Amino acid sequence: FSREKAHVLLRLDVSKMPPNDEVHRTDGDFPLVWAKNYGKGRVFYSALGHAASTWDNRDVGQMYFEAIKWALGLVPGTTAPLPKP
């Protein structure tokens with residue numbers, strides 16, 4: 001994953017979490033939701049939704065609905081990369 005090639009919409013802030021030896025990412029950047037262009041297409045990725053209870057959250061459902069509309073080109077949206085906060 002390269003933040004320079006994607007527009008990160010949601011990331012995990014691990015600054016207050018205990019260290020985990022199984023995490024091998026050295027930059028501390030954990031994007032959970034991002035979008036980017038790929039050729040003439042649009043790509044949307046979300047790490048949310050693994051737990052069944054996630055789908056009971058209206059905000060998550062709305063996010064996916066809006067992402068589908070964006071991916072189909074029905075609504076505008078930028079994929080300009082953003083620096084890590």
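Here the structure is shown first, and the text comes after it.
Keep in mind that this is a model prediction, so the values were computed, not measured.

1. Observations concerning the overall build of the chain
Part 1: Within the chain, the secondary structure is distributed over one helix and three strands.
Part 2: Of the regular secondary structure in the chain, the N- to C-terminal order runs β-β-β-α.
Part 3: Expressed along its principal axes, the backbone C-alpha trace of the chain runs to roughly 40 × 30 × 20 Å.
Part 4: For the chain, the proportion of its 85 residues judged to be buried stands at 19%.
Part 5: For the chain, contacts bridging at least 24 residues in sequence account for 51% of all contacts bridging at least 6.
Part 6: Carbon and sulfur atoms provide 58% of the accessible area of the chain, an area that totals close to 6500 Å².

2. A look at the packing of aromatic side chains
Part 1: One pass over the structure, following the stated rule, counts four aromatic pairs.
Part 2: When the ring of Phe44 is compared with that of Tyr64, the centres are 6.2 Å apart and the planes differ by 80 degrees; the resulting orientation is edge-to-face. In this pair, Phe44 sits in strand 3 (residues 41–46) while Tyr64 sits in helix 1 (residues 58–71), placing the two residues 20 residues apart along the sequence.
Part 3: By relative accessible area, Phe44 is classed as partly exposed at 23%.
Part 4: For Tyr64, a relative accessible area of 18% corresponds to the buried category.
Part 5: One aromatic cluster is present, formed by Phe1, Trp34 and Tyr45 through successive ring pairs.

3. Remarks on the sheet that holds strand 2 (residues 30–38)
Part 1: Spatially, 1-2-3 is the arrangement adopted by the three strands of the open sheet, whose pairing is antiparallel. The sheet is open, and its two edges are formed by strand 1 (7–12) and strand 3, each paired on a single side. On average, each strand axis in the sheet is inclined to that of its neighbour by 10 degrees, with strand direction left out of account.
Part 2: For strand 2 and strand 3, the ladder comprises six bridges, and the chain directions are antiparallel. Within the sheet, the bridge partner assigned to Lys36 lies in strand 3 and is Val43.
Part 3: Lying on the sheet, helix 1 is in contact with strand 2 and strand 3; it crosses strand 3 at an angle near 165 degrees.

What counts and how
- Residues numbered from 1 in each chain as written.
- Predicted model: local features only at pLDDT ≥ 70, side-chain atom pairs only at ≥ 80, totals over all residues.
- Heavy atoms only, no water.
- Helix = DSSP H or I, 4+ residues; strand = E, 2+ residues; numbered from the N terminus.
- Buried < 20%, exposed > 50% of the residue type's maximum accessible area, 1.4 Å probe, protein only.
- Contact = heavy atoms within 4.5 Å.
- Areas by Shrake-Rupley, 256 points an atom, 1.4 Å probe, with all protein chains shown as cover.
- Phe/Tyr/Trp six-rings, centres within 6.5 Å; stacked < 30°, edge-to-face > 60°.
- Pairing = 2+ DSSP bridges.
- Axes fitted to C-alpha atoms, helices over the stretch in contact; angles between N-to-C directions.

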